[in-house]
Amino acid sequence: AEADSPCGLCGAAAPPYTCPRCHCRLCSLRCYRAHGSCAEAFYRDQVLEALRAERCSPPPPALRRLPELREPGDPARPAGRGLWERLSEAERDEFRRLVSSGEAAALLPHWRPWWWRGRGRVEELGDGSGGDAENEEGGEVRPGPAPPVPTSVPPLSALRASPPSPLVRFQLPNALFGYAFALSLHGGDETLLPELPGTAIAASAALRARRPFTSTAEALLSARSEARAAGLPLSPLGDSGALLAVAQLLEGRDSRDPGADVAAALWHLWRLLRAGARALPPPERGRFRGARRKVGFLLSWSRGATEELAQLAREARGVYAEVAAEEAAVAEIREGLEKVWGGPRAPSREGALEEGPW
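Keep in mind the model is a prediction, meaning the values are calculated, not measured.

K.L.:
Talk me through the packing of aromatic side chains; I want residue IDs and the actual numbers.
P.N.:
Under the criterion given, the structure shown has four aromatic pairs. A ring pair is formed by Trp267 and Trp270, whose centres lie 5.2 Å apart and whose planes are at 15°; its orientation type is stacked. Note that Trp267 and Trp270 are positioned in helix H10 (residues 260-278) at a spacing of three residues, about one turn of the helix. Joined through ring pairs, the aromatic side chains of Trp114, Trp115 and Tyr179 make up one cluster.

Okay, here's the thing in structure tokens:
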């Protein structure tokens, strides 16, 4: 089977990556870069195709509710005419670009996740996290209060008679990605129901169905792909920052109880799913109930899996490092393109797309 093929560059066993153009199996960023001309050609073609299709694309899902918005104190506006209809086509294009690229996060109030540990201890959470953000009084933006750690969790043996599969561990980083992604996308606003927990479900296949994963990398990269496939905007934490968030949650902030942050996150997600279900009509609550059962199961499993959590944390850190390196390489390419274009977008004149620097 293709998944059993060795790395096409160095021959290493069980390579986790695949060239998107020729489907050659690759084991690491080093081999990916050595194979880079093939993959870069693929991504160049994708960028050009996206630029060609950009102007005729429909509004992304995040914008579909804009026509419903109403501005307070504006009774003179024609009834039924929302903000989206009032924008010019150029303004709509720019808004689409800001949302899809994640740049819109810089226009929103800065927010720090509760698990953020501050400067000097961990990396900043992606380019969209606020960086050196300060509040109106000039002080550093502080993370919000951490959710409580559940005081009593039923042992896993109370939920099932037989021991769980060793692959259960890989469900956890997938679910944590959904939680961190959803919380960051909505700025921690827990009043956004059922949207906030619904976003977590959309990004995590583990919360939706019995989806097996065979590695931490597969679980995390799957969640990242699921979020994109659902049409969700880029996380304000940044693409790699959402992966870093999972690693931080798995590592925990309290050395005396390294699983406390995982338990707090899962318990928080469980309560958000319950509140989200209540905000839906009864026929639509099933997926939230199913996700809540999965979260409860993972919570029980995690409280007795200290060694497994440490291993998952190390693996999640490795995935984050790989993706962050890829992001840096892509940013370098983008910077070169913008220098050629003279701005963040390709020239609009006829044939400009075919006159790139290749």
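There's plenty left to go through after this.
K.L.:
I'd love a proper account of helix H12 (residues 306-341), names of residues and values included.
P.N.:
Over its 36 residues, H12 runs 51 Å from end to end, which matches the ideal 52 Å to within 8%, given 1.5 Å per residue. By the burial criterion, the buried members of H12 are Leu309, Leu312, Ala313, Ala316, Val319, Tyr320, Val323 and Leu337. Those residues of H12 that are buried are in contact with helix H5 (171-185), helix H8 (216-229), helix H9 (239-251), H10 and helix H11 (286-302). Gly342 sits one or two positions beyond H12 and adopts a positive phi of about 80°.

K.L.:
Describe the environment of Val153, and please don't skip the residues or the numbers.
P.N.:
Relative to the helices and strands, Val153 is located in the loop between helix H4 (89-101) and H5. Each C-alpha atom, one on Val153 and one on Leu299, is 7.5 Å from the other, the two residues being 146 residues apart in sequence. Each residue touching Val153, except ones within four places of it in the same chain, is listed here: Leu299, Ser300 and Arg303.

K.L.:
Break down the pattern of salt bridges for me, with residues and values.
P.N.:
All chains considered together, the criterion is met by six salt bridges. The shortest N-O distance in the salt bridge between Asp261 and Arg253 comes to 3.0 Å. Residues participating in the shared-partner salt-bridge network are Arg208, Arg211 and Glu226.

Conventions we followed
- Every chain begins its residue count from 1, and numbering advances along the sequence as written.
- Local features in this predicted model are restricted to residues whose pLDDT is 70 or higher, and side-chain atom pairs enter the listing and the counts only when it is 80 or higher, whereas totals over whole chains, interfaces and linings include all residues.
- Hydrogens and waters are ignored; side-chain quantities use all the structure's heavy atoms.
- When two rings of Phe, Tyr or Trp (its six-membered ring) have centres within 6.5 Å they constitute a pair, described as stacked for plane angles under 30 degrees, edge-to-face for angles over 60, and tilted for the intermediate range.
- A run of DSSP states H or I qualifies as a helix once it reaches four residues; a run of E qualifies as a strand once it reaches two. Both are numbered from the N-terminal end.
- Helices are assigned an expected span. That span is 1.5 Å times one less than the residue count.
- Only protein chains enter the accessibility calculation, which uses a 1.4 Å probe; a residue is then buried when its area is under 20% of its type maximum, exposed when over 50%, and partly exposed in between.
- Contact between two residues is taken to exist if any of their heavy atoms lie within 4.5 Å; hydrogens are not considered.
- We count a salt bridge whenever a side-chain nitrogen from Lys or Arg sits within 4 Å of a carboxyl oxygen from Asp or Glu.

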